[in-house]
Amino acid sequence: MKEKNLLLIFTRNPELGKCKTRLAAKVGDHTALEIYKFLLAHTVKITKGLTVDKEVHYSVKIRDNDIWDQDVYTKRQQQGEDLGVRMEYAFAQGFENEYQNVIIIGSDMYDLDQKDLEKAFSALQTHDYVIGPAVDGGYYLFGMKSLNSHVFRNKNWGTETVLQDTLKDIDAANVKMLDKRNDIDYYEDIKDVEVFQKFLK
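Everything numeric in this text was worked out from a predicted model, so none of it was measured.

**Student:** Hey, could you run me through the pairing of strand 6 (residues 139-144) in this one?
**Tutor:** Along any regular strand the residues' side chains alternate between the sheet's two faces. Within strand 6, 6 of the 6 residues are buried, which leaves the element mostly enclosed by the surrounding structure. Bridge count between strand 4 (residues 101-105) and strand 6: 4 bridges; the pairing is antiparallel. In the sheet register, I105 faces strand 6, and the bridge partner there is L141. By the bridge criterion, 5 bridges tie strand 5 (residues 129-133) to strand 6 in an arrangement that is antiparallel. Bridge pairing links Y129 to M144 in strand 6.

**Student:** I keep staring at the sheet that holds strand 1 (residues 5-11) and nothing clicks. Help me out?
**Tutor:** By definition, the strands of a sheet pair up through backbone hydrogen bonds, in either a parallel or an antiparallel sense. What the 7 strands build is an open sheet, ordered 3-2-1-4-6-5-7; its pairing is mixed. Of all the strands in the sheet, just strand 3 (74-77) and strand 7 (175-177) have a single pairing partner and so form its edges. Across the sheet, the mean angle separating the axes of adjacent strands is 20 degrees when strand polarity is ignored. Set on the sheet, helix 3 (residues 83-96) makes contact with strand 1, strand 2 (53-58), strand 4 and strand 6; between it and strand 1 the angle comes to about 155 degrees.

**Student:** Help me understand the packing of aromatic side chains in this model?
**Tutor:** How two aromatic rings sit relative to each other is given by the distance of their centres and the angle of their planes. Inspection of the entire model under this criterion finds 12 aromatic pairs. Note on F91 and F95: the rings are 6.4 Å apart at their centroids and 35 degrees apart in plane angle, and the pair reads as tilted. A residue pair is termed a helical-turn pair when its members lie 3 or 4 positions apart in one helix, as F91 and F95 do in helix 3 at 4 residues. You can call F91 buried: its relative accessible area is 0%. For F95, a relative accessible area of 16% gives the class buried. Considering the side-chain rings of F142 and F152, the 6.2 Å spacing of their centres and the 75 degrees angle between planes classify their relative orientation as edge-to-face. Here F142, found in strand 6, pairs with F152, found in the loop between strand 6 and helix 5 (162-169); they are 10 residues apart in sequence, far enough to count as distant. For F152, a relative accessible area of 3% translates into the label buried.

Conventions used here
- Each chain carries its own residue numbering, running from 1 in the written order of its sequence.
- In keeping with the model being predicted, local features are shown solely for residues with a pLDDT of at least 70 and side-chain atom pairs are shown and tallied solely at 80 or more, while totals for entire chains, interfaces and linings include all residues.
- Side-chain calculation: all heavy atoms of the structure are included, whereas hydrogens and water are not.
- Partly exposed residues are those whose accessible area sits between 20% and 50% of the maximum for their type, while under 20% is buried and over 50% is exposed, using a 1.4 Å probe and protein chains only.
- Strands here mean DSSP runs of E at least two residues long; helices mean DSSP runs of H or I at least four residues long; both are numbered from the N terminus.
- Here a strand pair is declared whenever DSSP counts at least two bridges between the two strands.
- Interaxial angle, 0 to 180 degrees, is taken between N-to-C directions of lines fitted to C-alpha atoms, where a helix line uses only the stretch in contact.
- We call two residues contacting when some pair of their heavy atoms lies within 4.5 Å.
- Classification of ring pairs rests on two measures: the distance between centres of Phe, Tyr or Trp rings, Trp counted by its six-membered ring, which must be within 6.5 Å, and the angle between planes, read as stacked under 30 degrees, edge-to-face over 60 and tilted in between.

Here it is, written out as structure tokens:
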């Protein structure tokens, strides 16, 4: 029988000048790329041991023989013009494939570990939704038990209103909020974090 839990990992292809552009504005394209590769490796580390099905959704092109082991991760291409459309499509496919709990994360969180993800899947045993709020007003994790398309529409992605607007779409629902965490978008997000100092020298 198919595992009923699915983890979607949204990732950008690690290409010079095309990832972590807001961070790159301060540290340069090369350093931003090295930091992003480091964050990707961390995402692999915290997800590969999870006993759920896992899909990596590439922003531009599916890569063979990269850090995502195809024996562990199913590789897919993101579909759609903006982030909301892409996420909605990925969730819809997950539910069509008869998963009961689907959770999405990005690949730019250093402040996350395997236990956090296990806790998120556990939360869906007793809640309809699980959300990991980000410090910047967005979210670093979102999960649900059935497709609610409203949460992916009419949002200004990448702004501080995303979480607030999402909560309005699930107002009456049963939501488990996880601890607030910091995703890595700007220089300020890493300048005082020890593990990133080697990139900033």
